[in-house]
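Structure at a glance
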Amino acid sequence: MPTLKVTVGNSDHLDQRTRSRIKAAQEGEDLDDAQPTLNFDSYAELSRLLSPKNLELLEAISEHEPASIREAAELVDRDYKQVHRNLSELADIDVIEFQGGGPGEAKKPMLAYDGLEIDIPFTGSNGNTGTVAP
C-alpha cells in the first residue's frame, strides 16, 4: 500500500504538480512513483482527520483488522454510531475503504494506505490555512 500525502492550503502547488505529471504521462514517462495526495484548505479541516479518536480508530484497524464496524467500536471502547460516523467520514476522504456490506453482511473497515505523510507549509501559504492550528 502507498503512503497518503496530506497537505494544507497548498492547492496551487498541487495543481502545478498535477499539470506537470499529466504532461509527463502524455510524453510517455513512467509514473509509478505517483503518491496519492489529500489536500485540506485549512488546519481546522486537517484537525478532523487527525483527531485523537480518528487516529485511535486507524491504529486499531491497522493492528487488529476488525471484521466489522461494530468490532472496531468495541476495540476502541466507543459507541457504534459514533464510530460508524467517524469511519464514514474517513471513507469519504478515501483514508479507509469498506469491504462487503451487502444485504446481511457486515462492512469491514480497511486502511487504504499504510501511513500518512503530513506536509504543512508555513511560508507562502497565502492565507488559505485558516486560523485553527492542529
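The model shown is predicted, which means the values in this text are computed figures rather than measured ones. (Residues numbered from 1 in each chain as written. Predicted model: local features only at pLDDT ≥ 70, side-chain atom pairs only at ≥ 80, totals over all residues. Heavy atoms only, no water.)

**Looking at the overall build of the protein chain**
Where we set the bar: Counting from the N terminus, the helices are the DSSP runs of H or I reaching at least four residues and the strands are the DSSP runs of E reaching at least two. Exposure categories follow from relative accessible area, calculated using a 1.4 Å probe and restricted to protein chains: below 20% of the type maximum is buried, above 50% is exposed, and the middle band is partly exposed. Contact criterion: two residues are considered in contact whenever any of their non-hydrogen atoms come within 4.5 Å of each other. Here the accessible surface of atoms and residues is derived via Shrake-Rupley with a 1.4 Å probe, and residues count as covered only by protein chains that are part of the display.
Across its full length, the protein chain carries five helices and five strands. Counting from the amino terminus, the protein chain carries its helices and strands in the arrangement β-α-β-α-α-α-α-β-β-β. Counting only residues that meet the buried cut, the protein chain has 31% of its 134 residues in that class. Put simply, 65% of the contacts in the protein chain that link residues at least 6 apart link residues at least 24 apart. Accessible surface, the protein chain as shown: approximately 8,400 Å² in total, 46% of it carbon and sulfur.

**Quick word on a negative patch on the surface**
Cut-off, in case you're wondering: Residues forming no salt bridge and having over 30% relative accessible area are the ones grouped into patches, like charges within 9 Å of each other and nonpolar side chains (Val, Leu, Ile, Met, Phe, Trp, Tyr) within 5 Å. A pairing counts as a salt bridge when a side-chain nitrogen of Lys or Arg comes within 4 Å of a carboxyl oxygen of Asp or Glu. Lys and Arg are tallied as positive, Asp and Glu as negative. Neither His nor the chain termini are counted. Just so you know, the charge point we use is NZ for Lys, CZ for Arg, CG for Asp and CD for Glu.
Negative charge collects at one region of the surface, where E56, E59, E63 and D77 lie side by side. You can see E63 is positioned in helix α3 (residues 52–64).

**Thoughts on the pairing of strand β2 (residues 37–40)**
Condition: Between any two strands, at least two bridges found by DSSP are needed for them to pair.
Side-chain alternation along β2 places L38 and F40 on a buried face and T37 and N39 on a face that remains uncovered. In the sheet, strand β1 (residues 3–8) pairs with β2 via four bridges, with the strands oriented parallel. Note that in β2 the partner of K5 across the bridge is T37.

**Regarding the packing of aromatic side chains**
What counts, and what does not: Stacked, tilted and edge-to-face are the three classes applied to pairs of Phe, Tyr and Trp rings, where Trp contributes its six-membered ring and a pair requires centres within 6.5 Å; stacked means planes under 30 degrees apart, edge-to-face means over 60, and tilted covers the rest. Ring-over charges, as used throughout, are those where CZ of Arg or NZ of Lys falls within 6 Å of the ring centre and within 35 degrees of the ring normal.
Counting across every chain of the model gives zero aromatic pairs. The positively charged end of K107 is found above the aromatic ring belonging to F98, 4.3 Å away from the centroid.

**Some points on the pairing of strand β3 (residues 96–100)**
Within a regular beta strand, the side chains point alternately toward one face of the sheet and then the other, so they alternate between its two faces. Here β3 pairs with strand β4 (residues 107–111) via five bridges, running antiparallel. The partner of I96 across the bridge, within β4, is L111. The turn linking β3 back onto β4 is made up of six residues, and G101 within it adopts a positive phi angle of 95 degrees.

**Quick notes on the sheet that holds β1**
Filter applied, for reference: Angular values range over 0 to 180 degrees, each being the angle between N-to-C directions of two axes fitted as lines to C-alpha atoms, with helices fitted over their stretch in contact.
With parallel pairing, three strands are arranged side by side in an open sheet as β2-β1-β5. Both outer strands of the open sheet, β2 and β5 (115–119), are each paired with one neighbouring strand and no more. If you compare each strand with its neighbour and ignore which way they point, the axes differ by 25 degrees on average.

**Looking at α3**
Defined as follows: To estimate how far a helix should reach, multiply one less than its number of residues by 1.5 Å.
In this model α3 runs 18 Å from its N-terminal to its C-terminal C-alpha over 13 residues, within 8% of the 18 Å that 1.5 Å per residue would give. As for α3, its buried residues are in contact with α2 (43–49), α4 (69–75), α5 (80–92), β3 and β4. Looking one or two places after α3, you find E65, whose phi comes out positive at around 45 degrees.

So, to be careful, I would describe these as geometric facts and stop short of saying anything about function.
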